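A look at the structure
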Amino acid sequence: MKKLFTSQDAFEMQAVRSELDALTIPYMVKNEFASGAIGELPWQDSQQEVWLVDESWYGRASQVVEALINNANKAASAREDWLCTQCGEENGSAFELCWQCNEGNRPE
């Protein structure tokens, strides 16, 4: 067996598991239910890990993980604060409309 992926982010873990399931890549999850032991055990010992049952899948599985991480990084970089072209107000990345003038002038 070979460790493929670990993360504190439950959404990342589920995304990796879903992709591996879709490609029928055999894996197991270590510490899947150990989060309740945090505090009694160090967090590193209770963090979920995805392990490949068959190491021959490592090349394909690591490409899947790399693609998911790259897509997540692209999405995170796309969420930046912006200036309204109408009134010049700075708006947070979550806003599609300017909170000051209510215009939809978010630059593309």
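Let us look at the sheet that holds strand β1 (residues 2-6). Backbone hydrogen bonds are what pair the strands of a sheet, in a parallel or an antiparallel way. Pairing within the open sheet is antiparallel, and its 3 strands lie in the order β1-β3-β2. Strands at the two margins of the open sheet, each flanked by one partner only, are β1 and β2 (27-30). Neighbour to neighbour, the strand axes of the sheet diverge by 30 degrees on average, direction disregarded. The pairing of β1 with strand β3 (residues 49-52) spans 4 bridges and is classified as antiparallel. Bridge assignment links K3 to a residue of β3, and that residue is W51.

As enumerated under the stated definition, the model contains 3 salt bridges in all. Linking E49 and K3 is a salt bridge whose minimum nitrogen-to-oxygen distance equals 3.6 Å. Taken together, the positions of E49 in strand β3 and K3 in strand β1 put the pair 46 residues apart, joining distant regions of the chain. As a salt-bridge pair, R17 and E32 come within 3.1 Å of each other at their nearest N and O atoms.

Thresholds applied
Residues numbered from 1 in each chain as written. Predicted model: local features only at pLDDT ≥ 70, side-chain atom pairs only at ≥ 80, totals over all residues. Heavy atoms only, no water. Pairing = 2+ DSSP bridges. Helix = DSSP H or I, 4+ residues; strand = E, 2+ residues; numbered from the N terminus. Axes fitted to C-alpha atoms, helices over the stretch in contact; angles between N-to-C directions. Salt bridge = Lys/Arg side-chain N within 4 Å of Asp/Glu carboxyl O.

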